[in-house]
Amino acid sequence: MPFPVEHLLEDREEPLCVDPQDLVSTALDLMSEYDYSQLPVVDEVGKPLGIVHHESILRALRNLDVPIERLRVGTAMAQIARADLYRSEDDLFDILERLWDTNAVLIVDGEERLIGIVTTYDALVYFRLRAEDILYVEDIEQMLRDLIRY
């Protein structure tokens, strides 16, 4: 497996999460402060329950008769499917298709506790850096060929 998901998690801090009992305003403040488009929602032992994002909050506000000041994360979160949970040893290419649909997948350990989140942005940055490296090697290779010819 050439591209394990763990490569995207290297040198990253523990994911920022919210509790289902937190107010949506708290989640929005964190999302704004850290420039995140979503936050994982975890239980008391760190197992993922869902993801809260702008769309899920707007959907909850539209469908429920609760003012935003009293809306809880657990009510506004999008439920996660089993398909949205991956392990660090899984192949990155396995999650790319899922990222088209969800924009984020959660990475869990053997006990299904959250250890990371991978977004479409993370995958884009990862492959951009790899592409740049390949282009640099290609440039060096071309320069060496030119030197050998002359």
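Residues numbered from 1 in each chain as written. Predicted model: local features only at pLDDT ≥ 70, side-chain atom pairs only at ≥ 80, totals over all residues. Heavy atoms only, no water.

Asker: Account for the overall build of the chain, naming residues and giving values.
Answerer: Broken down by element type, the chain carries 6 helices and 6 strands. Listing each helix as α and each strand as β along the chain from the N terminus yields α-α-β-β-α-α-β-β-α-β-β-α. Over its C-alpha atoms the chain spans a radius of gyration of 20 Å, topping by over 25% the 15 Å that the globule rule assigns to 150 residues. With respect to the principal axes defined by its C-alpha atoms, the chain has extents near 75 × 30 × 25 Å. Burial analysis of the chain (150 residues in total) assigns 35% to the buried set. Look at the contacts in the chain between residues 6 or more apart in sequence, and 53% of them connect residues 24 or more apart. Counting only carbon and sulfur atoms, one obtains 52% of the accessible surface of the chain, whose full area is about 10000 Å². For the chain, the separation between the mean place of its 14 positive charges and that of its 32 negative charges on side chains is 4 Å. (Helix = DSSP H or I, 4+ residues; strand = E, 2+ residues; numbered from the N terminus. Rg over C-alpha atoms; globule rule 2.2 N^0.38 Å. Buried < 20%, exposed > 50% of the residue type's maximum accessible area, 1.4 Å probe, protein only. Contact = heavy atoms within 4.5 Å. Areas by Shrake-Rupley, 256 points an atom, 1.4 Å probe, with all protein chains shown as cover. Lys, Arg positive; Asp, Glu negative; His and termini not counted. Charge placed at Lys NZ, Arg CZ, Asp CG, Glu CD.)

Asker: Just give me the short version of helix H5 (residues 92–102), but keep the residues and values in it.
Answerer: Where H5 is concerned, the buried positions are Leu92, Ile95 and Leu99. Along the long axis of H5, the arc covered by the buried residues comes to 60°, so they all point the same way. Exposed residues lying more than 90 degrees from the buried face of H5 are Glu97, Trp100 and Asp101. At the N-terminal boundary of H5, the capping side chain belongs to Asp91, with an oxygen 3.1 Å from the backbone nitrogen of Phe93. Of the residues trailing H5, Asn103 is marked for its positive phi of about 70°. (Arc of directions from axis to C-beta. Polar contact = N/O pair within 3.5 Å; in protein donor to acceptor, adjacent residues only side chain to side chain.)

Asker: Tell me about the sheet that holds strand E6 (residues 114–119), and please be specific about residues and values.
Answerer: Judged by pairing direction, the sheet is mixed, and its 3 strands sit side by side in the order E4-E5-E6 without closing on themselves. Both edges of this open sheet fall to strand E4 (85–87) and E6, since each of them pairs with a single strand only. Neighbour to neighbour, the strand axes of the sheet diverge by 35° on average, direction disregarded. Across 5 bridges, strand E5 (residues 104–108) lies against E6 in antiparallel orientation. Across the sheet, Leu106 pairs through a bridge with Ile117, a residue of E6. Against the sheet, H5 contacts E4, E5 and E6, and its axis sits at roughly 135° relative to E5. (Pairing = 2+ DSSP bridges. Axes fitted to C-alpha atoms, helices over the stretch in contact; angles between N-to-C directions.)

Asker: Before we move on, can you summarise the pairing of strand E2 (residues 48–53) with the specific residues and values?
Answerer: Taking burial as the measure, the 6 residues of E2 include 5 buried ones, the bulk of the element. Pairing between strand E1 (residues 38–42) and E2: 5 bridges, direction antiparallel. Paired with Pro40 across the two strands is Ile51, which belongs to E2. Two elements, E2 and strand E3 (residues 78–79), share 2 bridges in a ladder whose sense is antiparallel. Residue Gly50 lies in a different strand from E3, and its bridge partner there is Gln79.

Purely geometric numbers; function is a separate question.
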